[in-house]
Amino acid sequence: MPSQSNCRVAHLGTVDYARALEIQLSIAEQVRQGERPNTLLLLEHPPVYTLGRLSKPEHLLVDQAELEARGISVTETGRGGQVTFHGPGQLVAYPVVDLREWGGPVKYVRTLEQVIVNTLNDLEIQAHLVDGLTGVWARKPSIEPKIEAKIAAIGVKISGGVAFHGLAVNVNTDLSYYENIIPCGIEDKPVTSMAQVLGRTVDEEAVRYSLTYQFGRSMGFSMTEVTAESVTGSLAM
């Protein structure tokens, strides 16, 4: 049986949202049965709006048919949270991890928030949390420098003691996609990206490296990098 302190990490590149969910579900069942170690999946999605369990129809501001005509998918998902966007230039991290002896959902979400804060600090962004709101925030460059903007979102699901879904950090994301939704149901705060805060294009590999390190450190895991094929090759399509 794999050690619970071990975690593999794989960069999968760009993966369709539905396929990424299939991969997570397959790995989650194997982790639950003790047949596979904890696994951190790092990837990007083609443009897609995902609707969490608490999503409201009115938070999608453009008709779904029109969005799909623009090449943007809309899909319902079983994760927590509300509507959000995934797309190019955004780092999505799906930890598929056994929490049965590690801790409960609140501890896990708070840990993921701190992982993101520490990652952003590594890349020279002073990020922080906002009381009562899940996710991570940064100061958006503007005439009003005190405006808080969401830079990373979290939405997880825990089934049979194993967590999946995860987090998304806006790195070089095209923020215009957020104009079509009320992100995470929050109407009075904008969304930002690492590129917008820093005023330059950000090295996405550096962000992946830092997040992997901070995730292992915060979770108490020993991280081992593996190929995408070693993670997905034996999974059902």
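Here's what I pulled together on the structure shown here. Owing to the predicted nature of the structure, the values given are computational and were not obtained by experimental measurement.

### Considerations on the nonpolar core
Residues Tyr108, Leu120, Val169, Met194, Leu211 and Phe215 are the most contacted members of the largest nonpolar core, which totals 37 residues. Non-local contacts of Val169, meaning those with residues more than four positions away in its chain, are made with Gln90, Leu91, Ile116, Leu120, Ile151, Ala152, Met194 and Leu211. Counting residues in each nonpolar core, the second largest holds 20 residues, with Val15, Ile23, Val48 and Val96 among its members.

### Quick look at the pairing of strand E1 (residues 6-14)
Looking at chain direction, E1 and strand E11 (residues 222-225) are connected through 4 bridges and run parallel. The residue of E11 that forms the bridge with Arg8 is Thr224. Of the crossover connections in this fold, the one passing from E1 over helix H1 (residues 17-32) to the parallel strand E2 (residues 38-44) is right-handed.

### Things to note about the packing of aromatic side chains
Counted by the stated rule, this structure contains 5 aromatic pairs. For the pair Tyr49 and Phe85, a centre-to-centre distance of 5.5 Å together with 55° between the ring planes defines the contact as tilted. You can see Tyr49 sitting in strand E3 (residues 48-51) and its partner Phe85 sitting in strand E5 (residues 83-86), a full 36 residues away along the chain. When its relative accessible area of 0% is taken as the criterion, Tyr49 is described as buried. With a centroid separation of 5.7 Å and 75° between ring planes, the pair formed by Phe85 and Tyr178 is classed as edge-to-face. Taken as a pair, Phe85 in strand E5 and Tyr178 in the loop between strand E10 (162-170) and helix H4 (194-198) lie far apart in primary sequence, 93 residues in all.

### Quick word on the sheet that holds E11
With mixed pairing, the 8 strands of this open sheet are ordered in space as E7-E8-E9-E10-E6-E2-E1-E11. Edge positions in the sheet fall to strand E7 (128-130) and E11, since each has one partner strand and no second. Recorded for the sheet is a direction-independent mean angle of 25° between the axes of neighbouring strands. Sheet strands in contact with H1 are E1, E2, strand E6 (90-98), strand E9 (148-159) and E10, and its direction is about 140° off that of E10. Sheet contacts for helix H3 (residues 105-122): E6, E7, strand E8 (133-139), E9 and E10; angle to E9, the most-contacted strand, approximately 145°.

Rules used throughout
Residues numbered from 1 in each chain as written. Predicted model: local features only at pLDDT ≥ 70, side-chain atom pairs only at ≥ 80, totals over all residues. Heavy atoms only, no water. Core = buried A, V, L, I, M, F, W, Y, C linked by side-chain atoms within 4.5 Å. Buried < 20%, exposed > 50% of the residue type's maximum accessible area, 1.4 Å probe, protein only. Contact = heavy atoms within 4.5 Å. Pairing = 2+ DSSP bridges. Helix = DSSP H or I, 4+ residues; strand = E, 2+ residues; numbered from the N terminus. Right-handed = clockwise from strand over helix to strand, strands pointing away. Phe/Tyr/Trp six-rings, centres within 6.5 Å; stacked < 30°, edge-to-face > 60°. Axes fitted to C-alpha atoms, helices over the stretch in contact; angles between N-to-C directions.

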